[in-house]
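# Geometric and topological summary
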Amino acid sequence: MRRVARWVMLLAIGAGAALAARWAVPRVPAIYIRSALSLIEERAYYRDRVDWDQARGEALSLAEGSWSPRDTYPAIRHTLAALGDHHSFLSPPLSRSDIRAQVMRNSPPTARDLGGRVGYVELPSLPGPSDYLKDGRSYASVVHVEIARVEAAGSRCGWLVDLRRNEGGMGWPMLAGIGPVLGEGELGAWIFRGAVRATWSYLSGQARNDGTAMTTVARPYRVQRPNVPVAVLIGPKTASAGEFIAIAFKGRPSTQFYGQPTAGVSTGNAGIRLADGASLFLTVALGADRTGHIYEGAVVPDTLIPFEFAEIGTEKDPVVGAAVEWLRTQSVCEPAPDLGRGGEQ
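First, a word on what this report is: a plain description of the structure on this page.

The rules behind these values
- Residues numbered from 1 in each chain as written.
- Predicted model: local features only at pLDDT ≥ 70, side-chain atom pairs only at ≥ 80, totals over all residues.
- Heavy atoms only, no water.
- Axes fitted to C-alpha atoms, helices over the stretch in contact; angles between N-to-C directions.
- Helix = DSSP H or I, 4+ residues; strand = E, 2+ residues; numbered from the N terminus.
- Parallel < 35°, antiparallel > 145°, perpendicular 65-115°, else oblique.
- Left-handed = near helix turned anticlockwise from the far one by under 90°.
- Contact = heavy atoms within 4.5 Å.
- Nonpolar A, V, L, I, M, F, W, Y, C, P; charged D, E, K, R; others polar.
- Buried < 20%, exposed > 50% of the residue type's maximum accessible area, 1.4 Å probe, protein only.

## Overview of the packing of helix H5 (residues 139-151) against helix H6 (residues 171-182)
One way to put it is that H5 packs onto H6 with a least axis distance of 7 Å and a crossing angle of 20 degrees. If you check the angle between H5 and H6, you find them roughly parallel. Crossing handedness for the pair H5 and H6: right-handed. On the side of H5, the interface is formed by Tyr 139, Ala 140, Val 143, His 144 and Ile 147, while H6 contributes Pro 173, Met 174, Ala 176, Gly 177, Ile 178, Pro 180 and Val 181. Taken together, the residues of the contact of H5 with H6 sort by class into 10 nonpolar, 2 polar and no charged.

## Regarding the environment of Val 300
Considering the arrangement of structural elements, one finds Val 300 in the loop between strand E13 (294-295) and strand E14 (303-304). The class for Val 300 is partly exposed, based on a relative accessible area of 46%. A C-alpha to C-alpha distance of 6.8 Å links Val 300 and Gln 260, two positions 40 residues apart in sequence. Apart from residues lying up to four places away in sequence, Val 300 is in contact with Ile 234, Lys 250 and Pro 261.

Structure, rendered in structure tokens:
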């Protein structure tokens, strides 16, 4: 009799577990999506644009029939779109092979001599989550090495910083990398809700966020002539972290912008890991330059110049041509007078 009772108990436990499993699967996505929406409502800069009772109802309706967290992604993205910031997004979980593949795709920063003591640096996108390149070097350190290589032939009287193909990614390695040209000190700030500020700065190879080092170059390079004129090249693909770098140059003395308006997502995103390994990237702050001007849209160049992306890197690039022409009008870039024999006393 005891053996029969034990089997009845085991069967009851097994049936209960099976029933719980059957009903727990739909409940897990519901908990997951409610948690994601709570994070968005709590952290998003533009959360006041959303009717959250309506947003939850719409999201749960869109997620109806979901059996896993992944099934709820479209509903979460629907809610993110309602914020209207065009920058918040949901990224699915990344495996180690995904990260390795991304590292192999990361384009290296480059620099070259344009003649007439003018240097050129291009900062490409850096999607992340790693700031390493396929040769094992870090993005920021490569920028320093490239700048030093150009200056090996002598100091530069001015620089072009090309952000036209920079669609964003990891901004701190970009800031640490271009720091020698940008200059040291406070460069701008993130402005959070409630007017809370977190300043960006560069000092001795470090890109800092409110005093905390975010990226460090182990052997930082110092340009031979600091604070020379800089022309910043921007365009419609300059986005997110690319715009962050553009804003860091705003307000810098002897600095001009050439090209076309940027993409208009110059806001600060924060990454939040969800239970299944996916990440919410939420716009939580606006960018402000060193003068205090806050950007909610595109960065507009001082001189508008139409260009084709196929022209970048060629002699036909009109933006580079105009920027170099301006640099050569600056006193530091004017050629020294050739006195010749007539100048002898």
